[in-house]
Amino acid sequence: MRLRAPPPLLLLLALAVPGPAWGAFEVDVWPVEAVVPFGGTLRLNCSTTCLDPSTRGSLETSLTKGQSKNGTGWVAIELVGVTEWESSPLCYFNCGGTKKTTAARISLYRVPEQVILELPPVLEEGKTYPVTCWVSNVAPMRNLTVTLHLGGKVLHTNIQGDPRVGATNITATFNMTAQHGYHGQDVACHTELDLRPHGPLLKNTSAPINLSVYTFPAAPQLRAPHRVEADTEANVSCWASGVFPAVVAQVSLRLGNQSLEVSIATSGDMVTAQATVQFLEPGKQELHCTVSMGPVTRATEGRVDVYRFPAPILELSDPEPLVGTNVTLTCRSPATNPPGVWLQLHEAEQILASGSQPQLQLMVHKGDHGRQFMCDANLTVGGGTVVKRTSAQLTVHSPPELPEASCPSTLTWVEGTQRALHCVATGVPAPAVACSKDGMEQQVGTELQVTRDHAGTYVCHATNALGTQNHNIMVHVEYPPQLDDAGCPPQRTWLEGQQQQLVCVADANPKANVVCSLDGQPYDITQKQGTTRGQAGIYQCRATNTHGSTARNVTVRVEYGPEMDDTSCPQNWTWVEGLEEALTCKAQGNPTPSITCSWNGQHQALEVPQLVTREQNRTYMCIAANHHGNVTRAVSVRVEYKPHMDELSCPSHQTWLEGTELALACKADGQPPAWVQCTQDGTMRTLTGYHNASRNDSGLYSCMATNSHGSAQRAVTVQVDYSPVVLALDVQPSPTVLQGSDFSIHCSAEGSPVPTYSWVLPMAPNLNYSADNSTVMILGAGAHNSGSYVCAVANSYGSHIRNITIQVARGWQYDLTVVAIVVVVVLALVGTGGFIYYLKTTACKKGEYNVRDAENSSEATCLHREPPADGEVYGIQLTQT
């Protein structure tokens, strides 16, 4: 044990606190609680919080002290050879004249010197036995626990809890009831001396005892015969049930004083001993059986009666008499032990005579042959009766006979089976039997395979030493039905409408019943019926008698003249141009008709694919024929094709006249007829039907023709023509022309076709014209260029003119002209509300205009959209005045 040093904190405090006034202090001991083995050694550490470095401490105790060590504020003292079971040493210190103490508590313990288990080694199941655990010289008892362990498990626990001080011997007793499962288990005493938390946990165990548990609930059983005949052997057995463990059971058998050799077997909780015993002498004999299980032995005994009993004797005066003679039967018995046998002469269950020596006389008849007589001897033994029997058979000689029972006059055999000609004669000695058919000897009693040839009459003879007997046998051979071509032909041909009967006769013995069915429905074969096509098919005919049945298929073919309908030969065909099609035409008829189709005397191949063209629009005449007649059918073929448009049906360029009632001329060739729709490119406007043509109708159209076989597309350009009109006369650079300057007049016009230009103007040498004559150019204007300039436009639909007056002015005239223009403008603004302009629109070029409505608009109002009846078009000339 280590010496405990004083806490470092105390040393630091001692150095840090000056002066002689030490104040309050504490005294500490370690360990406070100590557990020491008896006679052992212990070190106690005493320490103080006194700050006086010179203070000293010690230990007050009656125990023997050993070595000690000390230091500032601490002292360690060794206690040796501690034998006081409980003690309380005091640690003390004097500090500044004050003494303080602290007690430690010391307890001693002693480990058990020996643990002994006392228990009987062999136990009987169900009984309770005391089990004792001896624990010697142990202390302290209050910390001791004794447990009984069986097979590693705790069976019982004993906690002492005795407060007594000092070592002592402990006896712990438990009651244990023996159980089946304890057999073969180890039982032991375990001790635990628990000194925690101040000491160790000390364990000890006794030497184990292996338990033997047995069960023997009842005495053994003996099985042996009650009666045994002398000079014979018998089996004897003895068994005990419910024993455990059966393998350790000891079994012995004795006959009287003689020990028997036994064989012992165990099964579960049963032990069995068997022996074979030879019984030599008659009399009563004793059997003994003994079974031992552990310390217990149980026995049983039985008695066997041994007797001597020879078989009785049955005598016949003549064992083989002739029919009609007398016979004497005698029943007697040899000597028996015990005596007192009783005899009976009987036949089957009928007693004929009884007594100590019964007899019987009888006149034998033919029916007595083979009679069995018995002589029974009855002997009473051991409270029961033993019976022995001797029998004898009577043989009676007689002439042959062939009775109906053993040689029947009529035999019925079945073809294909194994049969023998049986003809058994009666008579003693046994007669020899021979049979013949049609003069040929036949085997009697030998099995053979029956055929129809075995049918007929057999003559049989029975012969022995006493005579001969004759007998005829008629053999009938039966056989299952057969359906052959003669009685039930497999192929029949009927003509529709005629009376026919399905004849089907089977070859059979006995006669067979024949039934026929078609498609699972019965068909009457007993009478004629009118033939229909529904009777054609495969009939299942079955013939049945007592020996079996057979089936045969009968095919009935019903013939009839040709027929064609919309299913087999459609009258209307629709083909598509460019595809491969085949003309198909079939006919019903039996035999199958031949079919030919032709057009204008030309034969058309059937079911041969051909490329379809429009020329195949035609009607064929199809004829179906067989040897029962013919029929004709008209077959029409219509060829359909996708739409087609060309220049003839849909011209690519079409010219219209504005204001006329017309429609876009575009048709398509197609079958079925195609639907044609034309859409203006860029506007998606669709033209349908007749309408008044306008300039907005001009443009490129996409025309689409569609039917169920496809579509065709064609581009059509529509041009809408209209009469020309002069839109404006434009003077450049200005309508006011100064002498010597250059100017030009441009005539703007529209019309379709494009109009031509012509001018009426003052003649002068300085005139020049543009290529299309729409502009006249004057270089170096002079007075001779003044005047009226008229522009005229014309095309195939009409003409139009417009003029303007040009005044070539000098210098002062120019100023005057400017003033005049200003005056005119002002007057025009005041008097008329502004200039009137010519309306240049593309929608309204012809007709009369309302000048009044043009005052506040750059467009004129078209009063009459349609041209006048005379076809003349008038323009409105707006001039400067």
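One structure accompanies this document, and this report is about it. Predicted model, so just to flag it, every value in this text is computed and none were measured. (Residues numbered from 1 in each chain as written. Predicted model: local features only at pLDDT ≥ 70, side-chain atom pairs only at ≥ 80, totals over all residues. Heavy atoms only, no water.)

1. Describing the state of the cysteines
Right, so step 1: This model, assessed by the stated rule, comprises 14 disulfides.
Right, so step 2: Across a sulfur-sulfur distance of 1.7 Å, Cys133 and Cys189 are joined as a disulfide pair. An S-S torsion of about -75 degrees defines the bridge between Cys133 and Cys189 as left-handed. Within this pair, whereas Cys133 is found in strand β13 (residues 128-138), its partner Cys189 is found in strand β17 (residues 186-194), the two being separated by 56 residues in sequence. Each member of the pair, Cys133 together with Cys189, is buried. (Disulfide = S-S within 2.5 Å. Helix = DSSP H or I, 4+ residues; strand = E, 2+ residues; numbered from the N terminus. Buried < 20%, exposed > 50% of the residue type's maximum accessible area, 1.4 Å probe, protein only.)

2. Thoughts on the side chain of Gln680
Right, so step 1: Tracing the sequence through the fold places Gln680 in strand β65 (residues 675-680).
Right, so step 2: A polar contact of 3.3 Å, which involves the side chain of Gln680, links it to the backbone oxygen of Asn696. (Polar contact = N/O pair within 3.5 Å; in protein donor to acceptor, adjacent residues only side chain to side chain.)

3. Examining the pairing of β65
Right, so step 1: The sheet contact formed by β65 and strand β68 (residues 699-707) spans six bridges and is antiparallel. Counterpart to Thr679 in the pairing with β68 is Ser702.
Right, so step 2: Inspection of the sheet shows β65 paired to strand β66 (residues 686-687) by two bridges, in the antiparallel sense. For Cys678, the partnering residue across the bridge sits in β66 and is Leu687. (Pairing = 2+ DSSP bridges.)

4. Quick word on the environment of Thr232
Right, so step 1: Mapped onto the secondary structure, Thr232 falls in strand β23 (residues 232-241).
Right, so step 2: Residue Thr232 is classed as partly exposed on the basis of its relative accessible area of 28%.
Right, so step 3: For the pair formed by Thr232 and Phe279, sequence separation is 47 residues and the distance between their alpha carbons is 5.8 Å.
Right, so step 4: In this structure, Thr232 is in contact with Val277, Gln278 and Phe279, ignoring residues within four places of it in sequence. (Contact = heavy atoms within 4.5 Å.)

5. A look at the pattern of salt bridges
Right, so step 1: Following the criterion strictly, the structure yields 29 salt bridges and no others.
Right, so step 2: The partner of Lys99 in a salt bridge is Glu60, with the nearest N and O atoms 3.0 Å apart. Of this pair, Lys99 sits in strand β9 (residues 98-103) while Glu60 sits in strand β4 (residues 57-60), and the two are 39 residues apart along the sequence.
Right, so step 3: Among the residues examined, Glu60 registers a relative accessible area of 34% and is labelled partly exposed.
Right, so step 4: The shortest N-O distance in the salt bridge between Arg685 and Asp697 comes to 2.9 Å. (Salt bridge = Lys/Arg side-chain N within 4 Å of Asp/Glu carboxyl O.)

6. Focus on the sheet that holds strand β7 (residues 86-87)
Right, so step 1: Sheet architecture is open: three strands sit in the order β2-β10-β7, paired in mixed fashion. Edge positions in the sheet fall to β2 (33-37) and β7, since each of these pairs with one other strand and no more.
Right, so step 2: Examined bridge by bridge, β7 and strand β10 (residues 105-109) share two bridges and lie antiparallel to one another. Residue Glu86 lies in a different strand from β10, and its bridge partner there is Ser107.

7. Comments concerning the nonpolar core
The tendency in soluble globular proteins is for nonpolar side chains to be buried as a group.
Right, so step 1: Counting residues in hydrophobic clusters, the biggest one holds 28 residues, and the most contacted among them are Leu117, Leu119, Cys133, Leu148, Val187 and Leu211.
Right, so step 2: Secondary structure elements with two or more residues in this core: β11 (114-118), β13, β14 (144-150), β16 (168-177) and β17.
Right, so step 3: Among the elements that line this core, the one with the most residues is β13, at five residues.
Right, so step 4: Setting aside residues up to four positions removed in sequence, Leu148 forms contacts with Leu117, Val131, Cys133, Lys153, Val154, Leu155, His156, Phe174, Val187, Ala188 and Cys189.
Right, so step 5: Grouped together as the second largest cluster of nonpolar side chains are 26 residues, Val251, Leu253, Ala273 and Phe279 included. (Core = buried A, V, L, I, M, F, W, Y, C linked by side-chain atoms within 4.5 Å.)

8. Section: the environment of Ser649
Right, so step 1: Tracing the backbone through its elements, the reader meets Ser649 in the loop between β61 (629-644) and β62 (653-657).
Right, so step 2: In the structure, Ser649 is positioned 20 residues away from Asp669 in sequence and 7.9 Å away in space, judged by C-alpha atoms.

9. Overview of the sheet that holds strand β30 (residues 313-316)
Right, so step 1: Across the sheet, three strands lie side by side as β30-β31-β34; this open sheet has antiparallel pairing. Only two strands of the sheet have a single partner each, and these edge strands are β30 and β34 (359-363). Ignoring which end each strand starts from, the neighbouring axes of this sheet average 15 degrees apart.
Right, so step 2: Here β30 pairs with strand β31 (residues 326-332) via four bridges, running antiparallel. Along β31, the bridge assignment pairs Glu315 with Thr330. (Axes fitted to C-alpha atoms, helices over the stretch in contact; angles between N-to-C directions.)

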